[in-house]
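Single-letter residue listing:
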Amino acid sequence: MMRSLFSAVSGLKTHQQRMDVIGNNIANVNTPGFKRSRVTFQDMLNQTIRGASRPVEGGRGGTNPIQIGLGVTTGSIDTIMTSTSLQETGKMTDLGIDGEGFFILAEKEGGREFYTRVGSFDFDSNGNLVSNLNGMHVLGWLADTTGKINSEQDPVILKINLNETEPAKPTENIVFAGNLDSRLTSDKVTVRQTVYDSLGNTYTAVIEFTNTGGGDWTCKLIDMLNSAGNSIDPPGTFQGEGTVSFNDEGKWQSYSETNPFKFDPDGTGYLAEVNITLDFSKMTQYAAETTATVQSQDGYSSGVLESLTIDQTGAIVGVFSNGTSRVLAQVALRRFTNPAGLLKAGNSLFTESSNSGRIKPAPPGTSGYGTVKPGSLEMSNVDLSSEFTDLIVTQRGFQANSRVITASDEMLQELVNLKR
């Protein structure tokens, strides 16, 4: 049989494989997170008819080897891991990766890891963050009670307590702002502010400013009212007095405390005493209307979880009914030194191979890792113009190889017809 016949058959097979890859690429043109593949051909072993010879000094020159190729084979099918654009979905739990990295998924705690670029996630009825495509759990880190994340630990299944509460916090700091009219001599300025104890009970602190001259104002806690509007009992369970000083330009200069600002919520010692630090650095004393007020205080009552948000670092933030927010968990990303070495596992998943080179997971936004864009999904990186061009080239290659088979068959037919 003729070598050209078998070479052409190998050409048909490899071009068919390339057509299969192109067909799969085009089929997944709208598959979120899909990474296209390409086929690279390589020639097969060559039959050496005559080896090379070296030049003879003073005689004939050297000759090149004579070889006949035996066809073509598939050299590689590469996964092209280039990132592509993100499509807005408007769904907060849809996460697109802008940059390097893969989401980490697992069927159960401590189970085999899978990796994906498709962040189509949602919270199930148990509060687990799972993939909508296959129900696998998303891995990351859980925050402690203060909202801190330790990303040095191994990632775990992200489970949010949907009945999470935020404990009350007693008032510790009050920041004043506004102006005290320097023209006031005998009138007193009264400021009222809501403060909190350790259980989140509310009280109204009545603070009085009195101009004593020379840029000095006495600041005194004159009453502490409970939620019913009555002074807390017994007398003497609250105190606080000091002097606020301004310079000759009307700017705050100093504060000297005579008695610390504090109060005993119930007068029995059951509830912790509330100690408050005052900040007057944002106040002024100009010859202008008095606008003294409290800019902020850091206490609050307890609250229940009302909603969840996700930011660009993958942090899942809980928003509570008392107006506070706290980080509850953070999604993890994993990188690979050779992402093209990952194995496709179907369902838009990849698994590690011996040539992928796994790197320690890190939060989104870490150096070398991409950020997360909530409300979006990564699109397929299939370029239809390139695929259709490859389709034409592959079709012509297949046709040319089929013509070689036809021509070889005709030559064999002529050979058979030599004897009649």
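Scroll up to find the structure this text is about.
What you see as residue numbers is a count from 1 along each chain, following the sequence as written. The model is predicted, so local features are restricted to residues of pLDDT at least 70 and side-chain atom pairs to those at 80 or more, both for listing and for counting; the totals for chains, interfaces and linings are taken over all residues. Side-chain descriptors were evaluated using all non-hydrogen atoms of the structure, hydrogens and water having been removed beforehand.

**Student:** Any details on unusual backbone geometry? Residues and values, ideally.
**Tutor:** Phi at N347 is positive, roughly 55°, even though this residue is not glycine. Helix and strand definitions follow DSSP, with helices as H or I runs of at least four residues and strands as E runs of at least two, each counted in order from the N terminus. Residue position: N347 is located in the loop between β26 (343-346) and β27 (349-351). With relative accessibility at 55%, the residue N347 sits in the exposed group. In this model, S348 sits at a positive phi of 60°, which is unusual for a non-glycine residue. To sort residues, take the accessible area from a 1.4 Å probe on protein chains only and compare it with the maximum for the residue type: under 20% means buried, over 50% means exposed, and anything in between is partly exposed.

**Student:** Which residues make up the pattern of salt bridges, and what are the values?
**Tutor:** Salt bridge, as applied in this entry: a Lys or Arg side-chain nitrogen positioned within 4 Å of an Asp or Glu carboxyl oxygen. As enumerated under the stated definition, the model contains 16 salt bridges in all. The salt bridge partner of E88 is K373, with a shortest N-O separation of 2.8 Å. Taken together, the residues span a long stretch of sequence, with E88 in strand β5 (residues 86-88) and K373 in strand β28 (residues 371-374) at a distance of 285 residues. Overall, the relative accessible area of 52% leaves E88 in the exposed class. Linking R334 and E113 is a salt bridge whose minimum nitrogen-to-oxygen distance equals 3.3 Å. Highlighted residues: R334 in strand β25 (residues 333-334) and E113 in strand β8 (residues 113-116), separated in sequence by 221 residues. Several salt bridges converge on common partners, so that one network encompasses E113, R334, E352 and R358.

**Student:** Provide a residue-level description of empty space enclosed by the protein, including the pertinent values.
**Tutor:** A 1.4 Å probe that fits into a set of points on a 1 Å grid over the protein atoms alone but cannot get out defines a cavity; an open set with protein on both sides within 12 Å along at least five of seven lines defines a pocket, and lining residues are those with an atom within 4 Å of a point. Grid points are joined across faces, edges and corners, and a volume is the space filled by probe spheres set on the points. According to the stated counting rule, one finds one cavity of 30 Å³ or more in the structure shown. Volume-wise, the largest cavity comes out at about 50 Å³. Contributing to the lining of the largest cavity are I174, A205, I207, L221, M224, F261, K262, F263, I276 and L278. Residue assignment for the lining of the largest cavity shows that the elements contributing at least two residues are β16 (202-213), β17 (216-225), β19 (252-263) and β20 (274-284). Sort the elements by how many residues they give to the lining of the largest cavity and β19 lands first, with three residues.

**Student:** So, the environment of V130: which residues are in play, and what are the values?
**Tutor:** Summarising the element assignment, V130 is placed in strand β10 (residues 129-131). Sequence separation of V130 and L158 is 28 residues, and the distance between their C-alpha atoms is 8.5 Å. For this analysis, residues touch if any pair of their heavy atoms sits within 4.5 Å. If we skip the residues at most four places from it in the chain, V130 touches S120, F121, D122, D124, G135, M136, H137 and V138.

**Student:** I'd love a proper account of the packing of aromatic side chains, names of residues and values included.
**Tutor:** How two aromatic rings sit relative to each other is set out by the distance from centre to centre and by the angle between their planes. Here a pair means two rings of Phe, Tyr or Trp (six-membered ring of Trp) with centres within 6.5 Å. Their orientation is stacked below 30 degrees between planes, edge-to-face above 60, and tilted elsewhere. All told, the structure shown has nine aromatic pairs when counted by the stated rule. Relative to F121, the ring of F103 has its centre 5.0 Å away and its plane inclined at 80°; by these criteria the two rings are edge-to-face. Taken as a pair, F103 in strand β7 (residues 102-106) and F121 in strand β9 (residues 119-123) lie far apart in primary sequence, 18 residues in all. F121 carries the same exposure label as F103, and that label is buried. An angle of 45° between the planes, with centres 4.8 Å apart, marks the rings of Y255 and F280 as tilted. Here the residue Y255 occupies a position in strand β19, and F280 occupies one in strand β20, the gap between them amounting to 25 residues. Of the aromatic side chains, those joined through ring pairs into one cluster are F102, Y115, F336 and F350. Charges are assigned to positions over rings by a cutoff of 6 Å between ring centre and Lys NZ or Arg CZ, combined with an angular limit of 35 degrees from the ring normal. Above the face of the F41 ring, R18 is positioned so that its terminal group lies 5.8 Å from the ring centre. R335 extends its terminal NZ or CZ atom over the ring of Y369, reaching a point 5.5 Å from the ring centre.

**Student:** An account of the packing of helix α1 (residues 3-27) against helix α2 (residues 384-416) is requested, with residue identities and associated values reported.
**Tutor:** Following both chains from N to C, one finds α1 and α2 inclined at 160°, their axes separated by 9 Å at the closest point. Considered as vectors, α1 and α2 are oriented roughly antiparallel to each other. Like other packed secondary-structure pairs, α1 and α2 cross with a definite hand, here left-handed. Orientation is described by lines fitted to C-alpha atoms, with helices fitted over the stretch in contact, and by angles between N-to-C directions that extend from 0 to 180 degrees. Here the word oblique covers every angle except those under 35 degrees (roughly parallel), over 145 (roughly antiparallel) and from 65 to 115 (roughly perpendicular). Each crossing is labelled by how the near helix is turned from the far one, with a counterclockwise turn of less than a right angle marking it left-handed and a clockwise turn marking it right-handed.

**Student:** Tell me about α2, and name the residues and values.
**Tutor:** Helices are assigned an expected span. That span is 1.5 Å times one less than the residue count. Helix length check: α2, at 33 residues, gives a terminal C-alpha distance of 48 Å against a target of 48 Å (1.5 Å per residue), a fit within 8%. Taken together, the buried positions of α2 are E387, T394, G397, N401, S402, S408 and L412. Taken together, the buried residues of α2 touch α1.

**Student:** Could you give me a rundown of the nonpolar core, with the residues and numbers involved?
**Tutor:** In these notes, a set of buried Ala, Val, Leu, Ile, Met, Phe, Trp, Tyr and Cys residues joined through side-chain atoms within 4.5 Å is what counts as a nonpolar core. Membership of the largest hydrophobic core comes to 29 residues, with the highest contact counts inside it found for F176, F209, M224 and F263. Of all elements in the fold, only β14 (173-179), β15 (188-196), β16, β17, β18 (238-246), β19 and β20 reach the threshold of two or more residues within this core. The element that contributes the greatest number of residues to this core is β20, accounting for five residues. If sequence neighbours within four positions are ignored, F209 has contacts with F176, L180, K188, V189, V191, W217, T218, C219, V244, F280 and M283. Membership of the second largest hydrophobic core comes to 25 residues, among which are L105, L129, I160 and L308.

**Student:** Tell me about the pairing of strand β23 (residues 315-320), and please be specific about residues and values.
**Tutor:** Counted residue by residue, β23 has five buried out of six residues, so it is predominantly covered. Two strands qualify as a pair provided that DSSP identifies no fewer than 2 bridges between them. Note: strand β22 (residues 303-310) against β23, five bridges, orientation antiparallel. By the bridge assignment for β23, S307 is matched with V319. Hairpin connection between β22 and β23: a loop of four residues separates the two successive antiparallel strands, and G314 in this loop has a positive phi of roughly 80°. Pairing analysis gives five bridges linking β23 to strand β24 (residues 325-331), with the strands arranged antiparallel. Paired with A315 across the two strands is Q330, which belongs to β24.

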